[in-house]
Amino acid sequence: MLEELKHRILNHLKAVYPDAPHAALALECIRTMGLKEADAPPSRQDDLWDQSDTFVISYGDSVIAAGEPPLRTLDRFLADCLQDTVNSLHILPFFPWSTDDGFAVVSNKEVSAALGDWEDIERLTAKYRVMADVVINHCSAENGWFKNFLAGKDPGSDYFFTALPSDDLSKVVRPRTSDLLKRVETANGEKHVWCTFSHDQVDFDFSNPRVLLEFIRIIRLYLDHGIKIFRLDAVAFIWKDIGTDCLNLPQVHEIVRLLRALIEHAEPSAIIITETNIPKRENLTYFGNANEAHGIYNFSLPPLLLFTLLSGDCRHLKSWLMTMPPAQAGTFYLNFIASHDGIGLRPAEGLLSDREIESLLTTMARFGGQISWRALSGVSKRPYEINISLYDALQGTLSGVDRYQFERYLCAHAIMLALEGIPAFYIHSFLATSNDYVRYDKTQHKRHLNRYQWPWELLKQKLADEQSHHTRVLAALKRLIGTRSRQTAFHPNATQFTLHMGQEIFAFWRQSIRREQSIFCLNNITARPQKVDLAEINLIDTEQWGDLISGEMMADHLQIIELAPYQSVWLTNRVY
């Protein structure tokens, strides 16, 4: 069984490490993953997801209770509030960390004692498909490997990428404005380590095969604890080649393919998702030939959908959707409009004009948001992301705050839920959490605006109030998700076509894989009522059509319907 795998691994290793002892290294990769000659060969699985799949994204301590490990509180929250609504859980880094809310990892092989232990993780993996971050590009400066690097000891003495201040680094693309190189004193003299993100996040040197083996060992550990989905964090940056932009280099793709081959042999139901917050064309390359990531984030969706709903003009969103290729068999898009990070602007480059981005930034600042910046050669800085809670971001339009916040918020999620792909909800999207000014004022960390930690007792009080916007939003989103989960036309790989119904109506058509169900998704993205002539969408007149959201049946397939401000309609010929 392992001969075919060994052949694949050898090909990837030859492309990444041309001078390495490939045969021995291939066997070491296979053994490190815990694979044995007697293991049965994996069968290709193309049915790992369907329309019933929904992710929730949460920190281990997004909900907290006195005297209880936060991972257990999170388990209680999910059971009480999202029972039968989500089946997949992305727990953001739950390891010991020093900065960046978990992404400066001190130890990749432990659960932070402040959150719980591996038993708490296993309790969650028994109930949900759990996604864990493989923070593959860097680690904390407090990590034991980096301490060994400074001391000239193993393991770690050669695990980190270094460069010289005199090197030509002018082409390097990165999402921060801090100095790229950090000077450190080591047992072997002065070194300058590479820090893509911050000086507390030191980049690994993947040109050293021993670093690759360490991460195979980490992935094996996660599999042993029941984790089935692996998010390769910041993977686009892992390979450096001085004189290039050090982003999306060919070796990165080979390493992802290599990891995919090993993981799917160890656990055929496991899934890889690459976190590559970059423009669309580059992001799409991480599908490979259905041999790299199973899923990629739809990073262009959040800024485009936000601009659409604030401007009342869907032309850019529609143009983008028309250019998105359908995900090939065995792959999917992960759709989201809010996350623990900000609303990324790099994926909007070339899709929104500088003037439109500026209008978006100005509006978000008025709504309480902050802007994070990135360094760019020849330019002092460019906006990288907007830091704001999604609920506050949708409190009005480019003209200012209005009374349609709730309706606009639901419209945004109705669009996300209907698009090709699997939907992912940030926990604060379910709860309609507002900007956390207290935490931001305390830390001055812009992303903390959207990382509120809910006291469990306070949250229960809010959700017990049927009139609170938290309760209304949660109930409405659960209804939408429940409806979506029963529709075969909303399978993540079902057909999707963009419809042309003017700039005020964002519309697209989904058709089930077996063609028995069609759903026309009509969305009024303005604060004004809009009329839609159903004759424009060619409803089959032998079918009975109805709206899945309102439950209203259409009396005439040629009638004109009126959509209220920000109303969404899922018009179908099959009601499940």
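Analysis parameters
Residues numbered from 1 in each chain as written. Predicted model: local features only at pLDDT ≥ 70, side-chain atom pairs only at ≥ 80, totals over all residues. Heavy atoms only, no water. Phe/Tyr/Trp six-rings, centres within 6.5 Å; stacked < 30°, edge-to-face > 60°. Buried < 20%, exposed > 50% of the residue type's maximum accessible area, 1.4 Å probe, protein only. Lys NZ or Arg CZ within 6 Å of the ring centre and 35° of its normal. Salt bridge = Lys/Arg side-chain N within 4 Å of Asp/Glu carboxyl O. Helix = DSSP H or I, 4+ residues; strand = E, 2+ residues; numbered from the N terminus. Pairing = 2+ DSSP bridges. Contact = heavy atoms within 4.5 Å. Axes fitted to C-alpha atoms, helices over the stretch in contact; angles between N-to-C directions. Parallel < 35°, antiparallel > 145°, perpendicular 65-115°, else oblique. Left-handed = near helix turned anticlockwise from the far one by under 90°. Polar contact = N/O pair within 3.5 Å; in protein donor to acceptor, adjacent residues only side chain to side chain. Expected span 1.5 Å × (residues − 1). Arc of directions from axis to C-beta.

> Run through the packing of aromatic side chains, naming residues and quoting values.
Counting across every chain of the model gives 30 aromatic pairs. Measuring from ring centre to ring centre gives 4.7 Å for F425 and F430, while their planes differ by 20°; the resulting arrangement is stacked. Accessibility classification places F425 together with F430 in one group, the buried group. In this structure, R472 packs its charged tip against the face of F406, placed 4.0 Å from the ring centre.

> Before we move on, can you summarise the pattern of salt bridges with the specific residues and values?
Throughout the structure, instances matching the rule amount to 32 salt bridges. Between E68 and R76 there is a salt bridge, and its shortest N-O distance comes to 2.9 Å. E68 gets classed as partly exposed once you look at its relative accessible area, which sits at 23%. Ionic pairing is found between R451 and D341, a salt bridge with its closest N-O pair at 3.1 Å. With a gap of 110 residues between them, R451 in the loop between α15 (437-443) and β19 (454-455) and D341 in the loop between β12 (332-335) and β13 (343-344) connect regions that are remote in the sequence. For R451, a relative accessible area of 2% puts it in the buried group. On the accessibility criterion, D341 (18% relative accessible area) is buried.

> Quick rundown of the sheet that holds strand β21 (residues 505-511)? Include the residues and the values.
Read across the sheet, five strands follow the order β20-β21-β22-β26-β24 without closing on themselves; strand pairing throughout is antiparallel. Only two strands of the sheet have a single partner each, and these edge strands are β20 (495-499) and β24 (546-547). Sheet topology places β20 next to β21; five bridges connect them, and they run antiparallel. Note on β21: the bridge partner recorded for L499 is A507. Sheet strands in contact with helix α10 (residues 315-323) are β20 and β21, and its direction is about 145° off that of β20.

> Explain the packing of helix α1 (residues 2-16) against helix α7 (residues 250-266) residue by residue, including any values.
Between α1 and α7, whose axes approach to 9 Å, the crossing angle comes to 160°. With respect to α7, the element α1 is oriented roughly antiparallel. Both α1 and α7 take part in a crossing whose hand is left-handed. Counting all contacts with α1, which are made through L5, R8, I9, H12, L13, A15 and V16, the residues of α7 involved are Q251, E254, I255, R257, L258, A261, L262, E264 and H265.

> Now, about the environment of Q544: what can you tell me, with residues and values included?
Position of Q544 among the secondary structure elements: in the loop between β23 (530-533) and β24. Through-space distance from the C-alpha of Q544 to that of V575 is 9.6 Å; in sequence the pair is 31 residues apart. Apart from the residues lying within four places of it in its own chain, the contact partners of Q544 are M553, M554, T572 and N573. A polar contact of 3.1 Å, which involves the side chain of Q544, links it to the backbone oxygen of M554.

> Explain helix α11 (residues 354-366) to me, and be specific about the residues and the numbers.
With 13 residues, α11 should cover 18 Å at 1.5 Å per step; its first-to-last C-alpha distance of 18 Å lies within 8% of that length. Buried residues of α11: I357, L360, L361, T363 and M364, and no others. Buried residues of α11, seen end-on, are gathered within an arc of 165° and therefore sit on one face of the element. In this structure, α11 carries D354 and R355 as exposed residues pointing more than 90 degrees from its buried face.

> Could you give an account of the side chain of T526, with specific residues and numbers?
By secondary structure assignment, the location of T526 is in the loop between β22 (518-524) and β23. Look at T526 and you get buried, because its relative accessible area is 2%. In terms of polar contacts, T526 uses its side chain to reach the side chain of N524, at 2.8 Å. Within the structure, T526 has its side chain in polar contact with the side chain of Q530 (distance 3.2 Å). Those residues in contact with T526, other than ones at most four positions away along the chain, are G312, E504, P565 and Y566.

> Can you break down the sheet that holds strand β18 (residues 422-426) residue by residue, with the values?
Pairing is parallel in the closed barrel, where eight strands are placed in the order β1-β3-β4-β9-β10-β11-β12-β18. This sheet shows a mean twist of 25° between the axes of neighbouring strands, independent of strand direction. When β12 meets β18, the two strands line up parallel, connected through two bridges. Looking across to β18, one finds that L334 is bridged to I422.

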